[in-house]
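Summary of structural features
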Number of protein chains: 2
Amino acid sequence: MTDRPTGRRRPVGRRPGEQRTREQILDAAREQFAAHGYTAATMRRVAAAADVDPALLHHYFGTKYDLFAAAMQLPGEVRQAIGLLAAGDRADLGARLVRLYLGLWQHPASNRQLRALVASVLSHDQAARTLREALSAEVLGPLVAGAGGDRAALRATLAASHLVGLALARHVLAIEPLASADLEDLVRWVGPVVQHYLTGPLDPPGAPLG
Amino acid sequence: MTDRPTGRRRPVGRRPGEQRTREQILDAAREQFAAHGYTAATMRRVAAAADVDPALLHHYFGTKYDLFAAAMQLPGEVRQAIGLLAAGDRADLGARLVRLYLGLWQHPASNRQLRALVASVLSHDQAARTLREALSAEVLGPLVAGAGGDRAALRATLAASHLVGLALARHVLAIEPLASADLEDLVRWVGPVVQHYLTGPLDPPGAPLG
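Residues numbered from 1 in each chain as written. Chains lettered and ligands numbered in written order. Predicted model: local features only at pLDDT ≥ 70, side-chain atom pairs only at ≥ 80, totals over all residues. Heavy atoms only, no water.

Looking at the UniProt feature "DNA-binding region" (unreviewed entry) in chain A
- The feature "DNA-binding region" (unreviewed entry), as annotated in UniProt, sits at residues 42–61 of chain A in this numbering.
- Across residues 42–61 of chain A, the secondary structure splits into 80% helix and 0% strand, with the terminal C-alpha atoms separated by 13 Å. (UniProt positions renumbered as here; feature names shortened; annotations may be inferred. Helix = DSSP H or I, 4+ residues; strand = E, 2+ residues; numbered from the N terminus.)

Structural data, given as structure tokens:
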């Protein structure tokens, strides 16, 4: 993302100007995927929005699908934050996860990336596969490892399904009172539920939670 | 929906043939909205899929937006089932709600309607407004009334956000193990959480759930 700090390692052999152009293209791509979804977004429109020649775009990124995959890469800081999440205290994993996740939705650059992901995944099967792969490898994997409970994949997908729906309601559909709710209130309401899915008893002996 | 039983009351003054044509158009509309979303679906395509003249479609339903609203109307049985949900035992409201909701996603006719709603709501602001209005009036309203707790709107939207995300993961993205999970297993896992949102303590005194 263009507003990412300079700490990110530049691939060997790329000049600073080239790196800037690539970031500019990726940023335009995220905006186009967010606004139109994967299928309706075109390489031509991305090139126009990034103010570069379409040929250069193909030269740097290959196909539209390659461009999408590149635009969905999580920034290094976010990957690091997810790592810290899994390494931290297991007792408040749910609250920390909700805080990090909703915080990303509130941040303009990651909001665009997340909206692009959601818009695309619902419009095209290939993009849907990318989401699943990225989610498993980069998000659910470390999370499941951090949770360490039985039936890790089931727990992670139950928690993730809730978080995806929460972001849709709050940030895409802007449904009240979720849209205007304070982040820390949401952490208090949703954190215990996510914690329950990750580490609690999934098959309770009859009595409801709470 | 075309496979709806004959129990539905026909509006006064409509001949059976006209009613059949209307249902045929609504069915084609749901399929087009599900496949392409609100913005990309066209009246022309719906008319072609329903094998009727586009003029007839406009005559029956007016604008594309009117057609969408008509196609999103819940069948009488479903409205009735939601009513029974709210009137039933409050202690297992969560489980009964999850069972009804996921059951609708598993039923071909309502699955098409729900997919049309999801695809459209994420592609167009007007459609998003329809979803919110329909949800509040027909689903969240009775639910909140049934739950009867404090902060009813907050509780209903927290539960609904989870249910929407769950259906996306299970029925749109087909993420495992949720996609292949048995309905009654999901009722056991998710029911208590929905129950908690609807009737449990939202601001626990520190201790996590479960």
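Considerations on the packing of helix α9 (residues 152–172) of chain A against helix α10 (residues 183–199) of chain B
- Contact geometry of α9 of chain A with α10 of chain B gives a least axis separation of 12 Å together with a crossing angle of 40°. Here α9 of chain A is positioned oblique relative to α10 of chain B, judged by the angle of their axes. In the packing of α9 of chain A onto α10 of chain B, the handedness of the crossing is right-handed. Here Leu-154, Leu-158 and His-162 of chain A of α9 of chain A lie close against α10 of chain B, whose contacting residues are Leu-186, Trp-189, Val-190 and Tyr-197 of chain B.
- Residues of the contact of α9 of chain A with α10 of chain B, tallied by class, amount to six nonpolar, one polar and no charged. (Axes fitted to C-alpha atoms, helices over the stretch in contact; angles between N-to-C directions. Parallel < 35°, antiparallel > 145°, perpendicular 65-115°, else oblique. Left-handed = near helix turned anticlockwise from the far one by under 90°. Contact = heavy atoms within 4.5 Å. Nonpolar A, V, L, I, M, F, W, Y, C, P; charged D, E, K, R; others polar.)

Some thoughts on the relation of the copies chain A and chain B
- Mapping chain A onto chain B leaves a residual RMSD of 0.0 Å; the transformation is a rotation of 180° accompanied by 0.0 Å of translation along its axis. In the structure described here, the two chain copies are related by an operation that fits a two-fold rotation axis.
- When the interface residues of chain A are mapped onto chain B, 100% of them again fall at the interface, so both copies present the same face. (Least-squares fit on C-alpha atoms with pLDDT ≥ 70 in both.)

Quick notes on the interface of chain A and chain B
- In this complex, chain A contributes 39 residues to the contact, which on the side of chain B involves 39 residues.
- When the two sides are added together, the surface that chain A and chain B hide from each other amounts to roughly 3400 Å², 74% of it contributed by carbon and sulfur.
- The interface formed by chain A and chain B holds two salt bridges in total.
- In this structure, Arg-188 of chain B and Asp-203 of chain A form a salt bridge, with 2.7 Å as the shortest nitrogen-oxygen distance.
- Sorting elements by how many residues they give to the side of chain A that touches chain B places α9 of chain A first, with twelve residues. (Buried area = accessible area lost by both parts, 1.4 Å probe. Salt bridge = Lys/Arg side-chain N within 4 Å of Asp/Glu carboxyl O.)

A short note on unusual backbone geometry
All names here are of chain A.
- Cis geometry is found at the peptide bond from Glu-176 to Pro-177, where omega equals 5°.
- By the element assignment, Pro-177 lies in the loop between α9 and α10 (183–199).
- In this model, Asp-51 sits at a positive phi of 60°, which is unusual for a non-glycine residue.
- Here Asp-51 lies in the loop between α2 (43–50) and α3 (54–61).

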